[in-house]
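Fold and contact review
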Amino acid sequence: MNSEETNEIYFGDVDYPFYDSRRNFLKKLGCGLIIIFNLDSFHVFAGDKGEEPGKRSKPGFNAYLRIREDGRVECYVGKIEMGQGVTTSLALALAEELDVSFDRIDMIMGDTDLCPYDIATWGSMTTRFFDPLLRAAAAEARMELIRLAAVVLKMPEDQLETENGYVFEVADPSNTVSYGALTKGNKIVKTITRPTIFKKSSQYKLVGKSMHSTNARLKVTGEAKYSADIQLPGMLYASISRPPAHGCALLSVNASKAEAIAGVKVVILKDLIAALHPNPNVAMKARDAINVSWGSAPEILANDKTIFKYLVKNVVETNVFEEIGNLWRGFEESDFTIESEYHDGYKAHASIETHTATAYFEGDKLIIWASSQRPFVTREELSKELDMPIEKIHLKQVLIGGSFGGKLYNRQAIETALLARKTGKPVQLAWTRKEEFMYDMFLTAAVIKIKAGVKKDGKISAWKYNLYCANGRGMKDFYGIPNLRTVLYDKVGIHPFGTGSWRADTNNSTTFARESHIDMLSDKIGMDPLTFRLKNISNGKMERTLRLAAKTFGYISAKTGSNKGCGIALGIETGTCVAIIAEVEVNPETGLVKPIRMVCAQDMGQVVNPLGAKVATEGGITMGLGYALFEDIQFDWGEVKTQNFDNYAFARFSVTPSIEAVFIDDMDAPPQGGAEPAIICVGGAISNAVFHASGARVHQLPITPERVLAAARK
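The rules we used
- Residues numbered from 1 in each chain as written.
- Predicted model: local features only at pLDDT ≥ 70, side-chain atom pairs only at ≥ 80, totals over all residues.
- Heavy atoms only, no water.
- Pairing = 2+ DSSP bridges.
- Helix = DSSP H or I, 4+ residues; strand = E, 2+ residues; numbered from the N terminus.
- Axes fitted to C-alpha atoms, helices over the stretch in contact; angles between N-to-C directions.
- Contact = heavy atoms within 4.5 Å.
- Parallel < 35°, antiparallel > 145°, perpendicular 65-115°, else oblique.
- Left-handed = near helix turned anticlockwise from the far one by under 90°.
- Polar contact = N/O pair within 3.5 Å; in protein donor to acceptor, adjacent residues only side chain to side chain.
- Salt bridge = Lys/Arg side-chain N within 4 Å of Asp/Glu carboxyl O.
- Buried < 20%, exposed > 50% of the residue type's maximum accessible area, 1.4 Å probe, protein only.
- Phe/Tyr/Trp six-rings, centres within 6.5 Å; stacked < 30°, edge-to-face > 60°.
- Lys NZ or Arg CZ within 6 Å of the ring centre and 35° of its normal.
- pLDDT = per-residue confidence, 0-100.
- Nonpolar A, V, L, I, M, F, W, Y, C, P; charged D, E, K, R; others polar.
- Arc of directions from axis to C-beta.
- Expected span 1.5 Å × (residues − 1).
- Core = buried A, V, L, I, M, F, W, Y, C linked by side-chain atoms within 4.5 Å.

With respect to the sheet that holds strand E23 (residues 559–561)
Here five strands make up an open sheet; going across it, the order is E23-E24-E25-E26-E29 and the pairing mixed. What marks the edges here is a single partner per strand, and that holds for E23 and strand E29 (658–663). With strand direction ignored, the average angle separating the axes of adjacent strands in the sheet is 20 degrees. One ladder, built from 10 bridges, connects strand E25 (residues 576–586) with strand E26 (residues 593–603); its direction is antiparallel. Pairing of Glu 583 across the sheet is with Arg 597, part of E26. Running at roughly 160 degrees to strand E24 (residues 564–573), helix H18 (residues 682–694) makes contact with E23, E24, E25 and E26 of the sheet.

Okay, structure coming up:
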């Protein structure tokens, strides 16, 4: 094959299937072998549908990888790293399938000028949907490298293999050529056009091996960069005057006292009132000196004590989520019925890093760093709010200090950009904790009503499940109940402030309610909670997950000693089956709950990085202890009274128990979600453990000492 034939093969599809903007994008690329891929190209695992074709908000491609002339491999993707560890797990999968060493992989993520469009990083979907496509691109690249090497080494392709960044002749390994040498001086662009043959798990050298996070050292040493770490010459710090409650209208502003402070600049843009200064403390002092008059807050329709009655009373919309069999016949066949109501209040994301952004204008181009889970959508919002061409906005991605769904919403980025344009200076805005609580998009409060019937032999015969004012995440039955009806009730605008995504969303609330009620049924007929669940579970993956948890825990019975007990909770989130067994001790005098130990078993298919999965599980459980035992938002309708960690408690080291994470060994299965699943079962497991330790059945999260004592008296 001569050079002209080679060029024809490897340059033949450079412009396909890209649009004009994508062709322009490719002009920025240097030399090397470049594999383009997107979420609609094809589905590499049978049954994995990815995103529906035509449903994505942008055409073209979502990511590409490039093998450079020096042999390093770059992966450009619109996903971001926010502590979930995908920079490590994706690099492991890429290195495995491409046959290069892990330390030669560079992950470039979320930069809107360098990376292709991606709608967001959310819902534990990166590993589920992006990982297999990245592997497909790596496998495609490896096949193309073998094809190139066949020309250079003058050998048939089927007599060549790859290892550690080289293609070599199987019969004579000394006849070899490096990946870098094969790509040198060329820009070879290919797309995935055919189903890919992946390595078998028995061939893995990297996937399935524990690997520390690639940015762990940077975080431990303090070298890691976040939005607030960006320091620019002449930068001003912004501090914004906020209304006392949601719904208050701006009446008047007098900034004369603030403007009298040396170096202070006051910006008023409609209801955006900000004081700026090179010193952040002076900026806050100047903000407090601004005399702002706000109108009255809207009528108080409910507070944190009355919200649940308000929600049930005011819902109007109904949606049947799931219906099987004949519910009323199921109740007729039941020997016992139990009916109960469960409550879960609003929860804040409460990430350590508040919403932050740093921005400046370079001529007519906006350069901005923002703590955002969706940089490309943030860029679109900036383009609309500032009336700027989208190509004139460059969002540079840095690490995010916790998110959990809270940084899908980026008001702070818009505020910072507006202030930078108005002042003509670089501006940094870091929300205070009070601002964070006021403008957080909380996990929605929820009411769950359950009526269930059970037979004397332990089989559940009927299940009526009503959810108020939350989505149906986690409500799909896996107990094989023959007669059930699940209904969702809601109303647009029913909540007093913003609600939105929160780690695993309402699966935390629905799992707490379901697993509490399952325990009540088992107690009613005098059957052990583990035996009862195993008797009813119809999902094979869930059953083996529960058995692994019980074996690891050394489960004998729910009552483990004086004032001690253990509780079980099961759930499914982002394709992963979860079983948690928690042991607690309850002080009968104070009602204080002390977690002793927790075992979490999960079937998440292939575990790419066991250490990463273990860390994510421990993080999810620790966060779950917060919503289960402490976290609750206090409010009078639009006035959020919870303003800092002095009245919003979360799990501290002193209450964090021994946590053991174990995983089903299924390396030949597709990988499933890993960042969110563990959290969903914490509330249910703790609630059930409290009951078996004290006899107190608490129906509302968090399980506070006061609620434990009140339940014990019933």
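With respect to the packing of helix H14 (residues 507–524) against H18
Between H14 and H18, whose axes approach to 8 Å, the crossing angle comes to 30 degrees. Comparing their axes, H18 and H14 come out roughly parallel. Considering how the two elements wind past one another, H14 and H18 form a crossing that is right-handed. Residues Phe 512, Glu 515, Ser 516, Asp 519 and Asp 523 of H14 touch H18, and the partners they reach there are Gly 683, Gly 684, Ser 687, Asn 688, Phe 691 and His 692.

As for the sheet that holds strand E19 (residues 427–430)
Strand order across the open sheet formed by seven strands is E11-E12-E9-E19-E16-E17-E18, with mixed pairing between neighbours. Both edges of this open sheet fall to strand E11 (265–269) and strand E18 (393–396), since each of them pairs with a single strand only. Neighbour to neighbour, the strand axes of the sheet diverge by 25 degrees on average, direction disregarded. In the sheet, strand E17 (residues 365–370) pairs with E18 via four bridges, with the strands oriented parallel. Note that in E18 the partner of Leu 366 across the bridge is Ile 393. Lying over the sheet, helix H11 (residues 375–386) contacts strand E16 (356–362), E17 and E18, oriented at roughly 145 degrees with respect to E18. In the packing of helix H12 (residues 411–423) onto the sheet, the strands contacted are strand E9 (236–241), E11, strand E12 (272–277), E16, E17 and E19, and the crossing angle to E16 comes to about 35 degrees.

Some details on the environment of His 277
Following the sequence through the fold, His 277 ends up in strand E12. Distance in space between the C-alpha atoms of His 277 and Arg 547 is 60 Å, their sequence separation being 270 residues. Contact partners of His 277, with chain neighbours within four places excluded, come to Leu 236, Tyr 237, Ala 262, Gly 263, Val 264, Val 282 and Ala 283. A polar atom in the side chain of His 277 sits 3.1 Å from the backbone oxygen of Ala 262.

With respect to the pattern of salt bridges
Think of it this way: side chains of opposite charge can pair up when their charged atoms draw near. Under the counting rule described, the total for this entry stands at 38 salt bridges. With a closest N to O distance of 3.1 Å, Glu 543 and Arg 547 form a salt bridge. Of this pair, Glu 543 and Arg 547 both sit in helix H16 (residues 540–553), four residues apart, which is roughly one turn of that helix. Residue Glu 543 is classed as partly exposed on the basis of its relative accessible area, which comes to 26%. A cluster of three or more residues bridged by salt bridges with shared partners is formed by Arg 514, Glu 515, Asp 519, Arg 533 and Arg 697.

Quick look at the packing of aromatic side chains
Under the defined criterion, the tally for this structure stands at 18 aromatic pairs. Their ring planes at 35 degrees and their centres at 6.2 Å tell us that Trp 328 and Phe 331 sit as a pair that is tilted. Of this pair, Trp 328 and Phe 331 both sit in helix H10 (residues 327–332), three residues apart, which is roughly one turn of that helix. Of the residues examined, Phe 331 reaches a relative accessible area of 11% and is grouped as buried. Its end group placed over the ring of Phe 331, Lys 451 keeps NZ or CZ at 4.7 Å from the ring centre. Arg 652 extends its terminal NZ or CZ atom over the ring of Phe 650, reaching a point 5.7 Å from the ring centre.

Brief notes about the environment of Val 312
Along the polypeptide, Val 312 turns up in helix H9 (residues 307–314). On the accessibility criterion, Val 312 (24% relative accessible area) is partly exposed. C-alpha of Val 312 to C-alpha of Val 447: the two residues are 135 residues apart in sequence and 7.4 Å apart in space. Setting aside anything within four residues of it in sequence, one finds Val 312 in contact with Val 447, Lys 449 and Tyr 468.

Overview of the confidence of the model for the chain
Overall, the predicted model of the chain reaches an average pLDDT of 90, with 92% of residues at or above 70. Contacts from residues 1–20, a stretch scored under 50 in pLDDT, to residues over four places away or in other chains number 30 contacts. With pLDDT under 50 throughout, residues 41–60 is counted as low confidence; its partners more than four residues away or in other chains account for 42 contacts.

Here we look at the packing of H14 against helix H15 (residues 529–536)
At a minimum axis distance of 9 Å, the contact between H14 and H15 shows a crossing angle of 105 degrees. As the angle between them shows, H14 and H15 are arranged roughly perpendicular. Contact residues: H14 offers Glu 515, Ile 518, Asp 519, Leu 521 and Ser 522, while H15 offers Pro 529, Phe 532 and Arg 533. Taken together, the residues of the contact of H14 with H15 sort by class into four nonpolar, one polar and three charged.

Quick notes on H9
Looking at H9, one finds that the buried residues are Ile 307, Phe 308, Tyr 310 and Leu 311. All buried residues of H9 project into a common sector of 160 degrees when viewed along the axis, lining one side. Turned more than 90 degrees away from the buried face of H9 sit Lys 309 and Lys 313, all of them exposed. Those residues of H9 hidden inside the fold are in contact with strand E15 (336–344), strand E20 (446–454), strand E27 (635–636) and strand E30 (700–701).

Some words on helix H3 (residues 86–98)
Residue pairs spaced three or four apart in an α-helix point in one direction, given the helix's 3.6 residues per turn. The end-to-end C-alpha distance of H3 is 18 Å, a good match for the 18 Å that 13 residues give at a rise of 1.5 Å each. At the C-terminal side of H3, Asp 99 shows a positive phi close to 65 degrees.

Things to note about the environment of Asp 103
Looking at the element boundaries, Asp 103 is found in the loop between H3 and strand E4 (105–109). For Asp 103, a relative accessible area of 56% translates into the label exposed. C-alpha separation for the pair Asp 103 and Ser 687, spaced 584 residues apart in sequence, amounts to 45 Å.

Comments concerning the side chain of Asn 688
By the element assignment, Asn 688 lies in helix H18. Asn 688 sits in the buried class, given a relative accessible area of 0%. With residues near it in sequence (within four places) discarded, Asn 688 still touches Glu 515, Ser 516, Asp 519, Arg 533, Cys 566, Gly 567, Ile 568 and Arg 697.

Structural notes on the nonpolar core
Counting 80 residues, the largest nonpolar core has Trp 463, Tyr 555, Leu 570, Ile 580, Val 682, Ile 686 and Ile 703 as its most contacted members. Here the element with the most residues in this core is E25; it accounts for eight residues. Leaving out residues up to four positions away in the same chain, Ile 686 has contacts with Ala 582, Val 584, Met 598, Leu 625, Ala 628, Leu 629 and Ile 703. By size, the runner-up hydrophobic cluster in this structure holds 46 residues, among which are Phe 37, Val 73, Leu 90 and Leu 92.

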